[in-house]
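Report on the structure
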Amino acid sequence: MIEFQNVNKWYGSYHALRDINETVQKGEVVVVCGPSGSGKSTLIRTVNRLEPIASGHIRVGGQDVHAPQANINRLRAGIGFVFQSFNLFPHLSALGNVALAPRRVKGQATGPAREEAMTLLDKVGLAHKADAFPSQLSGGQQQRVAIARALAMNPPVMLFDEPTSALDPEMVGEVLQVMKQLARDGMTMICVTHEMGFAREVADRVIFMADGQILERAGPGEFFQQPQHPRARKFIADIHHA
């Protein structure tokens with residue numbers, strides 16, 4: 001479903017991604033972890049071209065995302081993205097936020113778009129908040145609306161960029177519950193997260209990054225119990241001591 005081939009990215013003289021080679025299979029849940037500044041968020045943002053790359057190829061469903069002729073809007077419509085900071089439209093209700101893209105991008109009629117939006121709000125446990133505006137919602141509720149909004153385009157792939165890091169601890173669980181249900185439903189997901197409990201429970205594979213490189217990839221049991229790379233071992237030890 002997703003393929004990285006010799007991907008490099010620079011910010012000026014800083015080499016942010018170094019020769020990334022990785023594949024994510026259809027229906028696979030991959031958690032990307034590592035210390036701050038390791039390139040995790042940069043990596044995930046290259047998948048829907050929020051960040052350009054200097055060299056290499058990234059393919060989603062066989063399509064080269066960074067090819068000059070790629071239709072960027074069509075491409076992004078097929079890749080759900082959930083940001084750290086919700087990014088909801090403040091002047092639209094929860095229902096309005098979720099129904100907007102199907103109406104604007106797909107040209108769906110208002111009635112069906114709102115019906116589907118209600119179904120998705122129900123899926124994330126927020127049907128009762130359909131008429132509430134973002135300012136009337138908690139952080140956890142806003143992030144669940146953001147997930148519903150990303151799902152509204154029926155994407156085959158969902159990307160999560162530290163979706164719980166802006167939340168108060170008591171709100172983290174409600175967002176992770178929704179993500180766990182998506183994983184159970186067979187959604188292809190890449191999640192950049194610090195929630196190692198989620199990685200243990202839900203990930204098919206964990207990718208560990210440092211200094212813009214993938215240093216380790218393993219199943220969650222193997223990664224948390226017997227990390228191979230010294231940097232990964234230190235990372236796990238730091239989590240246990242935190």
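Before any of the text, the structure's been laid out above.
Residues numbered from 1 in each chain as written. Predicted model: local features only at pLDDT ≥ 70, side-chain atom pairs only at ≥ 80, totals over all residues. Heavy atoms only, no water.

Below, the discussion takes up the layout of surface pockets. The gaps of empty space that remain are located by a probe, the size of a water molecule, rolled over the atoms. Considering only enclosed or pocket space, the largest pocket measures out at about 610 Å³ in volume. Along the wall of the largest pocket there are 20 residues; nearest its centre are R76, F83, A101, R149 and M153. If you list the elements that add at least two residues to the lining of the largest pocket, you get α2 (72-77), β6 (79-82), α3 (94-104) and α5 (139-151). The element contributing the most residues to the lining of the largest pocket is α3, with four residues. (1 Å grid on protein atoms, 1.4 Å probe; cavity = no way out; pocket = protein on both sides within 12 Å on 5 of 7 lines; lining within 4 Å. Points joined across faces, edges and corners; volume = space filled by probe spheres on them. Helix = DSSP H or I, 4+ residues; strand = E, 2+ residues; numbered from the N terminus.)

One open sheet accounts for six strands, arranged β6-β7-β8-β3-β9-β10; its pairing is mixed. Each edge of the open sheet carries a strand with a single partner, namely β6 and β10 (213-218). The average undirected angle you get between the axes of adjacent strands in this sheet is 20 degrees. The pairing of strand β7 (residues 157-161) with strand β8 (residues 188-192) spans five bridges and is classified as parallel. Its bridge partner lying in β8, L159 is registered against I190. Sitting on the sheet, helix α6 (residues 169-184) is in contact with β3 (29-33), β7 and β8, with an inclination near 145 degrees to β8. Of the strands in this sheet, β3, β9 (205-210) and β10 are in contact with helix α9 (residues 230-241), which crosses β9 at around 105 degrees. (Pairing = 2+ DSSP bridges. Axes fitted to C-alpha atoms, helices over the stretch in contact; angles between N-to-C directions. Contact = heavy atoms within 4.5 Å.)

Orientation of α3 relative to helix α4 (residues 110-123), taken along the N-to-C sense of each, is 125 degrees, at an axis distance of 8 Å. With respect to α4, the axis of α3 lies oblique. In this structure, α3 crosses over α4, and the sense of that crossing is right-handed. Packed against α3, whose contacting residues are A94, L95, V98, A99, P102 and R103, the element α4 presents T110, A113, R114, A117, M118, L120 and L121 at the interface. Of the residues belonging to the contact of α3 with α4, the class tally is ten nonpolar, one polar and two charged. (Parallel < 35°, antiparallel > 145°, perpendicular 65-115°, else oblique. Left-handed = near helix turned anticlockwise from the far one by under 90°. Nonpolar A, V, L, I, M, F, W, Y, C, P; charged D, E, K, R; others polar.)

Here we take up empty space enclosed by the protein. Per the counting criterion, the structure on display carries one cavity of 30 Å³ or more. In this model, the largest cavity occupies a volume close to 40 Å³. Around the largest cavity, the lining residues are F4, E22, V24, V30, V32, L43, I190, I207 and I214. Looking at the lining of the largest cavity, the elements with two or more residues in it are β2 (14-24) and β3.

Further remarks concern the packing of α5 against α6. Between α5 and α6, the shortest axis-to-axis distance is 8 Å and the interhelical angle comes to 20 degrees. Here α6 runs roughly parallel to α5, going by the angle between their axes. In this structure, the crossing between α5 and α6 has a hand that is right-handed. Contacts between α5 and α6 involve G139, G140, Q141, Q143, R144, I147 and L151 from the former and M171, E174, V175, V178, M179 and L182 from the latter. Taken together, the residues that form the contact of α5 with α6 break down as seven nonpolar, four polar and two charged.

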